[in-house]
Every structure is written in structure tokens, then in C-alpha cells.
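Chain residues, written in single-letter form:
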Amino acid sequence: MRIETRAIHAGRRIDPGTGAVTPPIHLSTTFERSPTGEYPLGYSYSREDNPNRHALQVCLADLEGGKEALCFASGLAVATAVVQGLEPGDHILAPDDVYWGLRNVIGVVFAKAGIQTSYVDMTRPDLVKAALRPETRLIWVETPSNPLMKITDLETIAEIARAAGPNVMTVCDGTFATPVLQRPLECGIDMVAHSTTKYISGHSDVVGGVLITRHDNYLFERARKAQHYGGGVPSPFDCWLTHRGIDTLAYRVRAHSENAMRVACWLCAHPQVERVHYPGLPGHAGHEIAARQMSAFGGMLSFEVRGDRVRAMSVVARCELFIRATSLGGAHSLIEHRASVEGRGTKTPDTLLRCSIGLEHADDLIADLEQALSL
Ligand SMILES: Cc1ncc(COP(=O)(O)O)c(C=O)c1O
């Protein structure tokens, strides 16, 4: 079955107790044992497993073509669970422009864990190979990347990891692409991480994350322990909301992509715009790879305004339809001055504005940017 159909049916069933078509939210924290001590329906305590979380995990594993999925309370809780699975002395390879939150997880949360990290340009396989060490256990990729929209060739990275040995695991953060546009596991990547806060839930009303694996492996098993015992789990209502959002995922993501392509093309021709970062543009450095490994180019783009930081900030301030807010993947378009969000040490250019292109009409979005960019 196609992804549109699976998004609506995977992990769903008619509620056997009531016949309800829309699943109930199971708030119960605890589940009855049989007189002989078993848990006949498979649930004992909601931190370990819960019907709403279970259904969402089944659905997400199915959409990504994976063996199994683990849902967490946020996208960064997923990254935390993966990094927690490493041992002192282990080495991580991560993109030099990785989502800044992952840098915080590695550099702040795990500062004392004795884990080594090299940040490399993942678009350069030669640099990735050169950065490998005998202690490398994790290659984390993010494509398209946030906020520079760099594209990493997933098949090449998977090949490099395979050649480096069976203990080197690859994880792709596919948040910007979703399983609708990109299939990392089919490219040989071991696991996929998503912030479900974004396109997957799709309405800017629930924070969550998921780790999906292609096969049994030690890092996934350790992440499972982090979920069961560590307990960074999403609530039943969070799971229910996320699962509901998935019903329309394929259609939303395609509409986001169409709008973003129109806005990107329009920005390219604007005299006040220095550069547009969107992988759908033929001039984008990663366009060829993106055209091969994605079925459309997604709803995220960034652009550099001619001038300086003050000018970039003033463009954001003048937006009327685009909402000045961080995050992405909801129905409404968002714009932000990314460098000031990321703070000290960021590599993001000071004139760069990141846009999450929403589901409004593209003409209205363009009109808003036109008046915001006018001098
Ligand atoms: C690419 C990417 N990965 C991970 C995250 C973290 O997700 P969360 O905010 O759900 O923890 C974000 C958040 O913006 C993101 O953009």
C-alpha cells in the first residue's frame, strides 16, 4: 500500500470495547494483572508501554519502512537516548552545521561522559572517511540540514559506515523531509530520527520525537532501555495528537513543498536577496542528490538578505502574514532570524532568515515577503 493509505491505517483499529473509529485516549497509568500474574493485553505500566504510544510507534515504523520505532517526549530526547547509549571513549561524527540542539546534547548534557565528537562537512565523503577513528560508533547525519539546507548523500554515508565495521551505526535526522519525501532506511542508513513536533504532527501543538530502526542493533536496544527505564516518554494525549496529524501528512508535505518551491523561485529573482538556500533550486549545491533521494524538496528554505543583521531583523519585523517564531512544519508560515536564536558560536550567517513555508496560498506569502523586503 502507498504511504497515503498507510498513514491513515497503520497502527489503527476499531476500538474493540466501543466500536469507536477514532481511537480513545488511554489515560490509565496502570493495567490489570491476571490472577496468575500475567498481563493478558500486553500492558502493565504506562511508562513502559501504553496503547496510544504503541499505536503511534507501529504507524511510524510502517511509514519509514522500519522494523520498530520508539517514541520519546521530544526530538532531542531521541538524540539524548542515542548518545546515552555510547560509552566513554566512543567517537561521534556529526555534521558541521547540525541542528544546534544536538550540539548542546553532546557538548553540554554529555560534557562529562568522555565521548569524543568530530563535526565534519557531511556533503564531503572524503572528509567523512578521513574523520573516522577506530572508536567511531555513531555517524549522525541530517538532511536537509537546519538551517542551511545542505544535502547529504545517504547511500554514500551508509556505505562508508558499513566499510568501517558492524559497530558503526548511522542515524539520519529526517525531520525536514519526513518519510513522505525521503527514505533513509532504504538507502542503507541504520536508524532514522524525527522531531515529530514538526511536520509529522503538523499543527504546532505537540512536542515529540521518534527513533526508527531498520534492524536489531545495540544502540537501538540501549535507546529502548532509556525509554523504558529512563522514562522520557510522550503522554497518551501527545501520542494521540501526533497520530491524528499523520492522517494528512502526505498531503500536507506535498503542499508545503509546492509552496516552498514557488516562494524560493520568487526570492531568487528579488534584488534585495543575496542567496536562497532551497534544494529544489537547480543552482543549489545539493540539488542533484536531493532530486535523486527525495521525491520533493520540502517546505523549509532560508535566504540571505542583502545588507547586514539590522536589515535582516527589520525584514522579519515587517512581516505581517509570516509569524515571527521558531519551529517548523505547521500550517502557518514562520520566519526567524536564525543566528540570534542559535546564539554565540553559531555558524549561521547574520543575514540569514529561515522560513517554514506553511499551507497558506503561495501568492499571499509572496506578497507578504514583497512588502517586508521593500526598502
Ligand atoms: C532538524 C531538527 N532535529 C531535531 C529537532 C529537535 O526537536 P524537538 O524540538 O522536538 O526536541 C529540531 C527542532 O527544531 C530540528 O529542527
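Residues numbered from 1 in each chain as written. Predicted model: local features only at pLDDT ≥ 70, side-chain atom pairs only at ≥ 80, totals over all residues. Heavy atoms only, no water.

A word on empty space enclosed by the protein
For the record, the criterion: Cavities and pockets are found on a 1 Å grid laid over the protein atoms alone: a cavity is a set of points where a 1.4 Å probe fits but cannot escape, a pocket is an open set with protein on both sides within 12 Å along at least five of seven lines, and a lining residue has an atom within 4 Å of such a point. Grid points are joined across faces, edges and corners, and a volume is the space filled by probe spheres set on the points. Secondary structure follows DSSP: runs of H or I at least 4 residues long count as helices, runs of E at least 2 residues long count as strands, and numbering of each begins at the N terminus.
Under the counting rule described, the total for this entry stands at two cavities of 30 Å³ or more. Quantified by volume, the largest cavity comes out at close to 50 Å³. Taken together, Leu56, Cys71, Phe72, Thr196, Val206, Val207, Gly208, Gly209, Pro234, Asp238, Cys239 and Thr242 make up the lining of the largest cavity. Secondary-structure elements contributing two or more residues to the lining of the largest cavity are strand S1 (68-72) and helix H9 (236-246).

Observations regarding the sheet that holds strand S4 (residues 136-142)
Sheet strands pair via backbone hydrogen bonds, and the direction of the pair is either parallel or antiparallel. Inclusion rule: Note on pairing: DSSP must find at least two bridges between two strands before they are called paired. For every element, the axis is a line fit to its C-alpha atoms; helices are fit only across the contacting stretch, and the angle between N-to-C directions ranges from 0 to 180 degrees. It only takes one pair of heavy atoms within 4.5 Å for two residues to be counted as in contact.
Within the open sheet, the seven strands sit side by side as S1-S7-S6-S5-S4-S2-S3. Their pairing is mixed. Across the chains shown, the open sheet's two edge strands, defined by having one partner strand only, are S1 and strand S3 (116-120). Across the sheet, the mean angle separating the axes of adjacent strands is 20 degrees when strand polarity is ignored. Pairing analysis gives five bridges linking S4 to strand S5 (residues 169-173), with the strands arranged parallel. For valine 141, the partnering residue across the bridge sits in S5 and is cysteine 172. Seen against the sheet, helix H2 (residues 51-64) touches S1, strand S6 (191-195) and strand S7 (209-213) and runs at an angle of roughly 125 degrees to S1. Here helix H6 (residues 154-164) sits on the sheet and contacts S4 and S5; the angle it forms with S4, its principal contact strand, is near 180 degrees.

Let's talk about the sheet that holds strand S9 (residues 300-305)
Taken together, the five strands give an open sheet; going across it, the order is S8-S9-S12-S11-S10, and neighbouring strands pair in mixed fashion. Looking at which strands have only one partner, the edges of the open sheet turn out to be strand S8 (273-277) and strand S10 (323-324). Sheet topology note: the S10/strand S11 (residues 334-337) ladder contains two bridges and is parallel. Looking across to S11, one finds that isoleucine 323 is bridged to leucine 334.

A look at the side chain of serine 74
Condition: Here a polar contact means two N or O atoms within 3.5 Å. Within protein one must be a hydrogen donor candidate and the other an acceptor candidate, and residues neighboring in sequence count only if both atoms are side-chain atoms.
Take serine 74: it is sitting in the loop between S1 and helix H3 (75-84). Within the structure, serine 74 has its side chain in polar contact with the backbone nitrogen of alanine 77 (distance 2.9 Å). Not counting residues within four places of it along the chain, the set of residues in contact with serine 74 comprises Val207, Gly208 and Gly209.

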